Amino acid sequence: MHEIANIVILTGAGISAESGLATFRGPGGLWEGHRVEQVCTPEALARNPELVHRFYDARRAALVAVEPNAAHRALARLDAAWTGELLIVTQNVDDLHERAGARRMLHMHGELNSALCAACGARSGWTGGMPPGTACAACDAPSMRPDIVFFGEMPYEMDRIERALAEADLFVSIGTSGAVYPAAGFVQTARYHGARTLEMNLEPSAGSGYFHETRLGPAGELVPLWVEGLISYARPSPGEGIHSTQSSPISR
């Protein structure tokens, strides 16, 4: 019998694509003909700050026109209902999880609606444009940049993520390519520590072979069904685990 009390969920661009946000690595993932590496690296910011800031200004503005979809709302429902440990780790920099109501989560690649001072490290909420040379409210340096983890930079809160993976009974990956590390290695870490693993994606990811189960289809269809099954099946009392059987929401 496999007990499920602690869950870690990883979400990627595929979950937000269904809300109308373009993915970097799929069709239409270019912006004004530029490769992601031309606008999402520290070198790009130093070489062409106008381009990089315009890129993130445009992405920030695009959030206004989109809404959380059924997958975001289902995960928020799970967050509210689950009495065990739960952590939603998103690679996405949009705020759709939060707008859907999720609270137990972190943005490992930063957030569009946040600004970071390259001089003193101060962070602040941000909406609207951020031209190069914007001054930091904390130190007055003209060094505000998007609070985004660029390629080559260390993702946020890796220690917390690693602890959660080590304690997880179930690891679920939703809408990810399985090609971007370190997130692509989370399934291996979770399995090493004994977790069951489930992937939900439009097509098998690059790391699909590491998952105990893969479910293919739109996140907006798969995730609500999975959450409903998990909540209906489990309904744990506080502090109690859930024992999986043949009818468990994840295959044995």
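Bear in mind the structure is a predicted one, so any value in this text is a computation, not a measurement. (Residues numbered from 1 in each chain as written. Predicted model: local features only at pLDDT ≥ 70, side-chain atom pairs only at ≥ 80, totals over all residues. Heavy atoms only, no water.)

Size it by volume and the second largest pocket reaches roughly 180 Å³. Considering the residues around the second largest pocket, the lining is formed by Asn 6, Ile 7, Val 8, Glu 85, Leu 86, Leu 87, Arg 104, Arg 160, Arg 163, Ala 164 and Glu 167. Those elements giving two or more residues to the lining of the second largest pocket turn out to be strand 2 (7-11), strand 3 (86-90) and helix 6 (158-167). Among the elements that make up the lining of the second largest pocket, the one with the highest residue count is helix 6 (four residues). (1 Å grid on protein atoms, 1.4 Å probe; cavity = no way out; pocket = protein on both sides within 12 Å on 5 of 7 lines; lining within 4 Å. Points joined across faces, edges and corners; volume = space filled by probe spheres on them. Helix = DSSP H or I, 4+ residues; strand = E, 2+ residues; numbered from the N terminus.)

Summed over the entire model, instances satisfying the criterion amount to three aromatic pairs. Seen from their ring centres, Phe 55 and Tyr 56 are 4.8 Å apart, and the 80 degrees between their planes marks the pair as edge-to-face. Across the pair, exposure class does not vary: Phe 55 and Tyr 56 are buried alike. Through a chain of ring-to-ring contacts, three or more aromatic side chains come together here, namely Phe 55, Tyr 56 and Phe 150. The positively charged end of Arg 123 is found above the aromatic ring belonging to Tyr 156, 4.5 Å away from the centroid. (Phe/Tyr/Trp six-rings, centres within 6.5 Å; stacked < 30°, edge-to-face > 60°. Buried < 20%, exposed > 50% of the residue type's maximum accessible area, 1.4 Å probe, protein only. Lys NZ or Arg CZ within 6 Å of the ring centre and 35° of its normal.)

This part covers empty space enclosed by the protein. In total, this model carries one cavity of 30 Å³ or more according to the counting rule given. What the largest cavity holds in volume is close to 100 Å³. Together, 16 residues line the largest cavity, and Ser 173, Thr 176, Gly 178, Ala 183 and Ala 184 are the ones closest to its centre. Taken together, the residues that form the lining of the largest cavity break down as eight nonpolar, seven polar and one charged. (Nonpolar A, V, L, I, M, F, W, Y, C, P; charged D, E, K, R; others polar.)

Now for the UniProt feature "binding site: substrate" (unreviewed entry) in the chain. Summarizing the sequence annotation, UniProt attributes the feature "binding site: substrate" (unreviewed entry) to Tyr 56 and Arg 59 in the numbering used throughout. Its location among the elements puts Tyr 56 in helix 3 (residues 49-62). Apart from the residues within four sequence positions on either side, Tyr 56 is in contact with Val 39, Cys 40, Leu 112, Pro 146, Ile 148 and Phe 150. Here Arg 59 is to be found in helix 3. (UniProt positions renumbered as here; feature names shortened; annotations may be inferred. Contact = heavy atoms within 4.5 Å.)

As for its position among the elements, Leu 225 is in helix 8 (residues 219-234). Residue Leu 225 is classed as exposed on the basis of its relative accessible area of 64%. On a C-alpha basis, the gap between Leu 225 and Ala 71 in space is 9.4 Å, while along the polypeptide they are 154 residues apart.

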